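# Examining the three-dimensional arrangement
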Amino acid sequence: MKLMRLALLAFLSFFAASISSVASASPAAVTEDGQTIDISGGGKLYYHITGGGSGVPLVILNGGPGFDHRHMHIGTAFDLLGKDRRIIFYDQRGNGRSGPLKPGQSCTLADQIEDLEALRIHLKLDKWDVLGHSWGGFLSMAYSARHPEHVERLIIVDSAAPKFSDTIFLFGQVFPETIERRSAYTFADELGDKAASDASIREYLTMLFYSTEKRDNFIAGIHSDAFTKEVGAAVQRDIARFDLNPELPKFKFPTLVVTGRYDINVAPLIAYKIHKAIPGSKFAVFERSGHIPFYEQPDEFVAVIEPFLK
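Note that the coordinates shown come from a computational prediction; the quantities given were computed from them, not determined experimentally. (Residues numbered from 1 in each chain as written. Predicted model: local features only at pLDDT ≥ 70, side-chain atom pairs only at ≥ 80, totals over all residues. Heavy atoms only, no water.)

## Focus: the overall build of the protein
Within the protein, the regular secondary structure consists of 14 helices and 8 strands. Here the protein holds 310 residues, and the buried ones make up 56% of them. Across the protein, contacts joining residues at least 24 apart in sequence account for 76% of those joining residues at least 6 apart. (Helix = DSSP H or I, 4+ residues; strand = E, 2+ residues; numbered from the N terminus. Buried < 20%, exposed > 50% of the residue type's maximum accessible area, 1.4 Å probe, protein only. Contact = heavy atoms within 4.5 Å.)

Below, the structure written as structure tokens:
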């Protein structure tokens, strides 16, 4: 149980850290001029659109939960995919430029689905392509189950399991010494010691990559940034009661499930099981990637995703 708890904390901590690495991990810092829409509970939802072309728009559901979308700009993959279509990024409620939760504003899986649907309606899109990464993969499956008529194609990238508690973390089996080092920071981290938290995150990040060069470049850019812990905790509490497995065989739209071969954060077995559960889905493995194949193998990622979107 202790290892699972550390793994779940790590699952959140990675993205809290990765947000702040974008400027150094990307070829250039991303300048955004997005807009907001009103959502239930009196809050706002921030979105930003890049790219262009005649292709079906692609909405990106980032991982977490509890952080904004900026880490999805790491590398060049979505810039390349944006040559033929609009790419829609957004900050999930309570995160980033969507602003903090309002007093009494809920933050559940139902809210996340409703927010995404509100964004589609605002953009006047009958259908869109949906891509979800990590926790965003879980959200993409949940949204697609509720609104299949508006999903043209679905791409699930290194997703959490359809029943979140079934997600397989391999940290302890592959990096026992790193887990032991991280455990030394747990007490101070829980007490709010930022130095301990930063040290723990850096230890965690070392376990996410296939390439040591990309790992080191990524970690070198890490600096302090805000992570909305209350949002992550609220969503995690709520999604624990859901099991999406019975929904997957109902999917009738084209679906592509992908994973990094060396994803320690979510074992590739999870992606394979999702693929087998969705009739007619396609499956791809990136052989030189960990949890973030669009960063570690951007050209190969685009070579797989682009034909599927066409």
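## Describing the side chain of Arg93
Relative to the assigned elements, Arg93 resides in the loop between strand S4 (86–91) and helix H4 (109–122). Judged by relative accessible area, which is 0%, Arg93 ranks as buried. Each residue touching Arg93, except ones within four places of it in the same chain, is listed here: Ile39, Ser40, Leu45, Leu101, Gln105, Ser106, Cys107, Asp111, Gln112, Asp115 and Val231.

## Notes on the confidence of the model for the protein
Overall, the prediction assigns the protein a mean pLDDT of 89, with 88% of residues at 70 or greater. Counted against residues more than four places away or in other chains, residues 1–8, with its pLDDT under 50, gives 15 contacts. Overall, residues 10–28 carries pLDDT values under 50, and its contacts beyond four positions in sequence, including any with other chains, amount to 68 contacts. (pLDDT = per-residue confidence, 0-100.)

## A closer look at helix H7 (residues 176–183)
Among the residues of H7, those classed as buried are Thr178, Ile179 and Arg182. Along H7, the residues classed as buried sweep out an arc of 100° about the axis, all on the same side. (Arc of directions from axis to C-beta.)

## Some thoughts on the nonpolar core
Core analysis: the biggest nonpolar cluster contains 44 residues, and Tyr90, Leu119 and Trp128 have the highest contact counts within it. Residue contributions to this core peak at 6 residues, all from helix H5 (residues 135–146). Counting 36 residues, the second-largest nonpolar core is a separate cluster that includes Phe218, Ala284, Phe286 and Phe294. (Core = buried A, V, L, I, M, F, W, Y, C linked by side-chain atoms within 4.5 Å.)

## Remarks on the packing of aromatic side chains
By the definition in use, this model includes 14 aromatic pairs. Note on Phe209 and Tyr295: the rings are 6.0 Å apart at their centroids and 75° apart in plane angle, and the pair reads as edge-to-face. Here Phe209 is found in the loop between helix H9 (194–205) and helix H10 (212–220), whereas its partner Tyr295 is found in helix H13 (residues 293–296), with 86 residues between them in sequence. For Phe209, a relative accessible area of 9% puts it in the buried group. With a centroid separation of 6.0 Å and an interplanar angle of 70°, the aromatic rings of Phe294 and Phe301 are classed as edge-to-face. Residue Phe294 is classed as buried on the basis of its relative accessible area of 1%. Members of the aromatic cluster, each reached through a chain of ring pairs, are Phe78, Phe89, Phe286, Phe294 and Phe301. Directly above the aromatic system of Tyr295 lies the positively charged group of Lys214, at a separation of 5.3 Å from the ring centroid. (Phe/Tyr/Trp six-rings, centres within 6.5 Å; stacked < 30°, edge-to-face > 60°. Lys NZ or Arg CZ within 6 Å of the ring centre and 35° of its normal.)

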